[in-house]
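Each chain, letter by letter, is given below.
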Amino acid sequence: MDIKDTARALDGAGVSAFLRSLPAKPLLLGLGEARHFVGELGELRNEIFRHLVEHEGYRSFAIESDCLMGLVVDDYITTGTGTLDDVMERGFSHNFGASPANRDLVRWMRAYNEEHDEKLRFFGFDGPLEYWAASPRQALTALYDLLDGPLPRTVVTRETLDTLLGPDDRWANEASAMDPSQSIGQSADAQRLRLIADDLVALLDTQAPQLSAEDRERAALYGRTATGLLRYHYWMADASPARWARLSSLRDAMMAANLLAVAEHGPTLVFAHNLHLQRNKSFMRLGDQLLEWWGAGAIIGTHLGDRYAFLASALGTVGTDVPGPDTVEGTLSALPWDHSLVDARHLAETVTQPSSRVPQDHAYIPLDPAHLDVIDGIVFLKEAVNRD
C-alpha cells in the first residue's frame, strides 16, 4: 500500500470521512498534542471544531485546563458574563489563556451562541493542579453551599470547614512537588477533610431531587474535584518511590471522570496532550525514574469503547529539526499536503520497522511506531514554526 493511500488532505470533508470510517460515532473525539503551544495546531483544531459544530452535530469542547476555571469560560460563552480579556485571564490554567488560538476559539463560540438557540458548551477537564495542587477550598465550600438546609451542617459547620482548610497557601505550596515533607496532605486536618468530602458527596445523592439540573451538574463537579484534590494531596505527602507514578495516575483519573461527565452532553471535541488521550500506557522520565501510568484516554476507552476515538498529532520539520526518513514523521513528510489526516491503523500495516524519532526539542514527544495500531488517526503538520 502506498503511503498516500493511508491519508488525505486535512479539511472538513476529510474530517467527516474519518468519522464515517469509525465503527460508531464518538461521544468523545480526542485530538492530541504532541507538544503544547504549537500555534498552527491550535488553529487547525479551531477549524476542525467549527466543522464538527456546523456539520456533525458537536456542541461541546473540552480542554486540558482547570475544570473549575473552565466554568468562567462556559458562563461567558453561554450567557456573555464578563469580558473576553477577563475570561482569558481567569478561565484557563497552565498559561493556556495566553494562546491566540484559544482566544479565537472562545470568541467564536460566544459569537455562535449569540446567533443560535442551541448553545455550545465549554469544559476544562484537568484538576486544579500542576505538579503541585491547589487548595480544595473552592470545591468544598461550593459543594457545601449548594447542599442547602440542615443536613450539611450535621456533617460539618461552615466555620469548622473554614478552620480545617486554613490558609490556601499551605495547600498550594510549590515546594511540596519535590519535597513530600512540605505537603500537608496527610495531616490530621487533611484526613478529616477527606472524610467530610466523602460525606458531602454521599449527601448530594440524597438532595438531588431538590436541585436544578445545573446545580446537580456543578455539585457533582465540585464533589469530584474536592475528593480528587484531597486524594492527590495525600499522595503528595508520600515519600515512597511510587509517589510520582501514583500522582500521575490520580491526575489522569480525575481527567477521565470529568470527561465521562462531559460525554453526557453529547459529542465533544477533547483537546489535550497525546500522553493524556492515548489508549496505550503513558511513559515519562523524571530524573532517574521512568514513570508509567494509564492516561485518561485509556481509562475512558474502557468505559466508552467505540464511542471514544483518538486523533494523535505529529509534527514534521520543527525549525531546524528535520525528522529522519526512516521515522514515522519522516515517512509522513513525503505526503503532498501541508496538513494531513492519516489512517493510523492502515499506516501501521504500510510502514515497516520504522525508527523512533529523537527530537531536538525535548518538549516534543514523537509518535511511537509500536503503538500506531491503537491510534484511530493522525493529524500531521508537515512543518511547524509558530509556537504560542
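Residues numbered from 1 in each chain as written. Predicted model: local features only at pLDDT ≥ 70, side-chain atom pairs only at ≥ 80, totals over all residues. Heavy atoms only, no water.

As annotated in an unreviewed UniProt entry, the protein chain carries the name Erythromycin esterase family protein and comes from Nonomuraea mangrovi.

Participant: Explain the sheet that holds strand β3 (residues 60-66) to me, please; I cannot follow it from the model alone.
Facilitator: Two orientations exist for strands paired in a sheet by backbone hydrogen bonds: parallel and antiparallel. Pairing within the open sheet is mixed, and its 8 strands lie in the order β1-β9-β10-β8-β2-β5-β3-β4. Either end of the sheet is taken by a strand with one partner, and the two such strands are β1 (7-9) and β4 (121-126). In this sheet, adjacent strand axes meet at a mean angle of 25° when their direction is disregarded. With 5 bridges connecting them, β3 and β4 associate as parallel partners. Its bridge partner being in β4, F61 is matched across the sheet by F122. (Pairing = 2+ DSSP bridges. Helix = DSSP H or I, 4+ residues; strand = E, 2+ residues; numbered from the N terminus. Axes fitted to C-alpha atoms, helices over the stretch in contact; angles between N-to-C directions.)

Participant: Mind showing me how you'd approach the packing of helix α6 (residues 137-146) against helix α8 (residues 158-165) here?
Facilitator: Angle between the axes and distance between the axes are the two parameters that describe a pair of packed helices. Between α6 and α8, the least distance of the axes is 11 Å, while the angle of their chain directions is 175°. When the interaxial angle is binned, α6 and α8 end up roughly antiparallel. Taking contact as the criterion, the partners of R137, L140, T141, Y144 and D145 in α6 are, on α8, R158, L161, D162 and L165. Looking at the contact of α6 with α8, its residues break down into 4 nonpolar, 1 polar and 4 charged. (Parallel < 35°, antiparallel > 145°, perpendicular 65-115°, else oblique. Contact = heavy atoms within 4.5 Å. Nonpolar A, V, L, I, M, F, W, Y, C, P; charged D, E, K, R; others polar.)

Participant: Mind showing me how you'd approach the pattern of salt bridges here?
Facilitator: Should the charged atoms of two oppositely charged side chains come close, the side chains can pair. Tallying each qualifying case throughout the model produces 21 salt bridges. Residue D86 is joined to R90 by a salt bridge in which the shortest nitrogen-to-oxygen separation is 3.0 Å. Taken together, the positions of D86 and R90, both in helix α4 (residues 84-90) and 4 residues apart, correspond to about one turn of that helix. Classification of R90 by relative accessible area gives partly exposed; the value is 43%. In this structure, the salt-bridge partner of D162 is R158, at a minimum N-O distance of 3.7 Å. Residue D162 and its partner R158 are both found in helix α8; the two are separated by 4 residues, about one turn of the helix. The partly exposed category is assigned to D162, whose relative accessible area is 31%. Look at the salt bridges and you will find they share partners, linking R137, D145, R158, D162 and D168 into a network. (Salt bridge = Lys/Arg side-chain N within 4 Å of Asp/Glu carboxyl O. Buried < 20%, exposed > 50% of the residue type's maximum accessible area, 1.4 Å probe, protein only.)

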